Amino acid sequence: MIYGGKKIFAGLFIFVVLLISPFLANIGKADAQPNPSLNTPAINALATKQCVGSQQFMRTYHMQLLNQWRDQALRHGEYTYVNSQGQKFTISLENTCLKCHSNEQQFCNTCHTYVGVTPYCWECHQKGATQ
Amino acid sequence: MKIWSSLLAVVALVLIAWLGTGVAGLYTVFGVGIPYLAFLIFALGFIYRILKWGRSPVPFCIPTTCGQEKSLPWIKHNKIENPSGTAGVVGRMILEILFFRSLFRNLKTEKRGDKLGFGSAKWLWLGGLAFHWSMLIILLRHLRFFLDPVPSLVRGLDGLDSFLQIGLPILYITDIIIVAALLYLLARRLFVPQVRYISLASDYFPLFLLLGIVTSGILMRYFLRVDVVSVKELALGLVTLRPTVPTDIGSIFFIHVFLVSSLFAYFPWSKLMHAGGIFLSPTRNMANNSRRVRHINPWNYPVDVHSYAEYEAEFKEKMKKAGVPVETE
Ligand code: HEM
């Protein structure tokens, strides 16, 4: 015998619906993984298609790298970055990252929309030239 | 002993997840099998506990009140502290759940000289509220891993929480608050002698487990980063029932998820069930209407009574003969 059965079942119904709502919301949706495009003039002109760091490093740590760049440039006046292979890069969001990745929409943005982050950098910095 | 065993249990969970993925490479087990199992245990266990509570009768009308009951029209009725009907009960329940109003009344009893003093004690209320709200916001923010496209509500919450724009990835305010609140709640059990005396392993374990979850999450976000795109792939795979297991995510992620799975599986069988229990607390979910509505005890046994009227009807003649006065006539 369940006392106050109607209320308890209504409550449990709400509980279950809330719990499985992520499952319900995804019914019939294809998992569209982001596919950041490397098709830019600058990258196509590269001999070896290489980023500032290894691909795995860039995927996971690029925001921390940018932070480090920002601090190095603006707090220490240090405008050269040397990566683990000894290659030198000029520290600049617009003139280094976005020179190669001039397709911000098809590159940075595809990933960021997918995981739901909106970097606020573009409030001041210019996006790529080919917007 | 209770403290160390709880801490050890959490450390063991971390080690299991770390060995299981980092060394043994059981990504499917820790990324798919265990999370699904934990989810099922949580859902079914929660329902089971609620139904079990639902089967307990409530013998008396026992709402706790601390305000004027509904009475004559010219006496001011305190609608929230002393609800007279469903609307009042719902209002009070919502405020209780969102703001822990009854905990706000928490008192401290102290002996000052040879006098007993009562003072207000709001720190527990503040710590509890800070922890629960942070946890809720973090859980809602985590929906960005499980929903595609990410709803604007979740993005907005993310924006508010990272509003200080410190560092990259941006520091979440709730991350600081939840750690501070959990440490306070733990310190309270460790350093207040009376509280320490009544604390059990089942009080310490959830605290350590939550601290483990939060620490692994924070480590993962700010220090030992993982590829969040792969994480979302895995999470979406889980909720679309087409699980995929990317193997390029670091062990820290699997430690985080294994601790979360442990929490979910542990939840229904522990004190954490207060999340569901609050709704079934007779002291909170009943209206104080006992002067207007008769509360029937479901336990009432149908008693065979033999009323005086029936007695007299049966023995009337004999009573009259013996000269005993009878009421009828
Ligand atoms: C009880 C449930 C959980 C709690 C309390 C919790 C707590 C946290 C905390 C405090 C953080 C730090 C960053 C932030 O606040 O977002 C975090 C990060 C993270 N959590 Fe959880 N978590 C939970 C469940 C999960 C689940 C089920 C997943 C599976 C997808 C998950 C995946 C992650 C990931 C990938 C991060 C890193 C996020 C980033 O790098 O931005 N968490 N978690």
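The present account deals with the structure reproduced in this document. (Residues numbered from 1 in each chain as written. Chains lettered and ligands numbered in written order. Predicted model: local features only at pLDDT ≥ 70, side-chain atom pairs only at ≥ 80, totals over all residues. Heavy atoms only, no water.)

Regarding helix α14 (residues 308-321) of chain B
Inference 1: An ideal rise of 1.5 Å per residue puts 20 Å on 14 residues; α14 of chain B measures up with 18 Å between its terminal C-alpha atoms.
Inference 2: Remark: the principal bend of α14 of chain B, roughly 70°, maps to Phe315 of chain B. (Helix = DSSP H or I, 4+ residues; strand = E, 2+ residues; numbered from the N terminus. Expected span 1.5 Å × (residues − 1). Bend = angle between axes of the 7 residues up to and from the residue.)

What about the interface of chain B and chain A?
Inference 1: Taken together, the contacts link 45 residues of chain B with 37 residues of chain A.
Inference 2: Of the roughly 3600 Å² buried between chain B and chain A, counting both surfaces, carbon and sulfur atoms make up 64%.
Inference 3: Of the charged contacts, one joins Arg59 of chain A and Asp227 of chain B as a salt bridge, the two residues approaching to 2.7 Å between their closest N and O atoms.
Inference 4: Our count for the contact surface shared by chain B and chain A stands at 8 residue pairs in polar contact (both at pLDDT 80 or more).
Inference 5: Only α2 (27-54), α5 (123-146), α9 (201-222) and α10 (228-239) of chain B provide two or more residues apiece to the side of chain B that touches chain A. (Contact = heavy atoms within 4.5 Å. Buried area = accessible area lost by both parts, 1.4 Å probe. Salt bridge = Lys/Arg side-chain N within 4 Å of Asp/Glu carboxyl O. Polar contact = N/O pair within 3.5 Å; in protein donor to acceptor, adjacent residues only side chain to side chain.)

Observations concerning a nonpolar patch on the surface
Residues and elements named next belong to chain B.
Inference 1: On the surface, a nonpolar cluster with roughly 740 Å² of combined accessible area is contributed by Val90, Ile94, Ile97, Leu98, Phe99, Trp133, Leu136, Leu140 and Phe279.
Inference 2: For the nonpolar patch, the secondary structure elements donating two or more residues are α3 (86-99) and α5.
Inference 3: With 5 residues, the single largest contributor to the nonpolar patch is α3.
Inference 4: Turning to its location among the elements, Phe99 is positioned in helix α3. (Patch = residues over 30% accessible without salt bridge, like charges linked within 9 Å, V, L, I, M, F, W, Y side chains within 5 Å. Areas by Shrake-Rupley, 256 points an atom, 1.4 Å probe, with all protein chains shown as cover.)

Let's talk about the environment of Thr283 of chain B
All names here are of chain B.
Inference 1: Turning to its location among the elements, Thr283 is positioned in helix α13 (residues 282-285).
Inference 2: By relative accessible area, which is 28% here, Thr283 ends up partly exposed.
Inference 3: With 19 residues separating them along the chain, Thr283 and Pro302 place their C-alpha atoms 27 Å apart.
Inference 4: Apart from residues lying up to four places away in sequence, Thr283 is in contact with Ile62, Pro63, Thr64 and Arg92. (Buried < 20%, exposed > 50% of the residue type's maximum accessible area, 1.4 Å probe, protein only.)

Keep in mind these numbers describe shape, not what the thing actually does.
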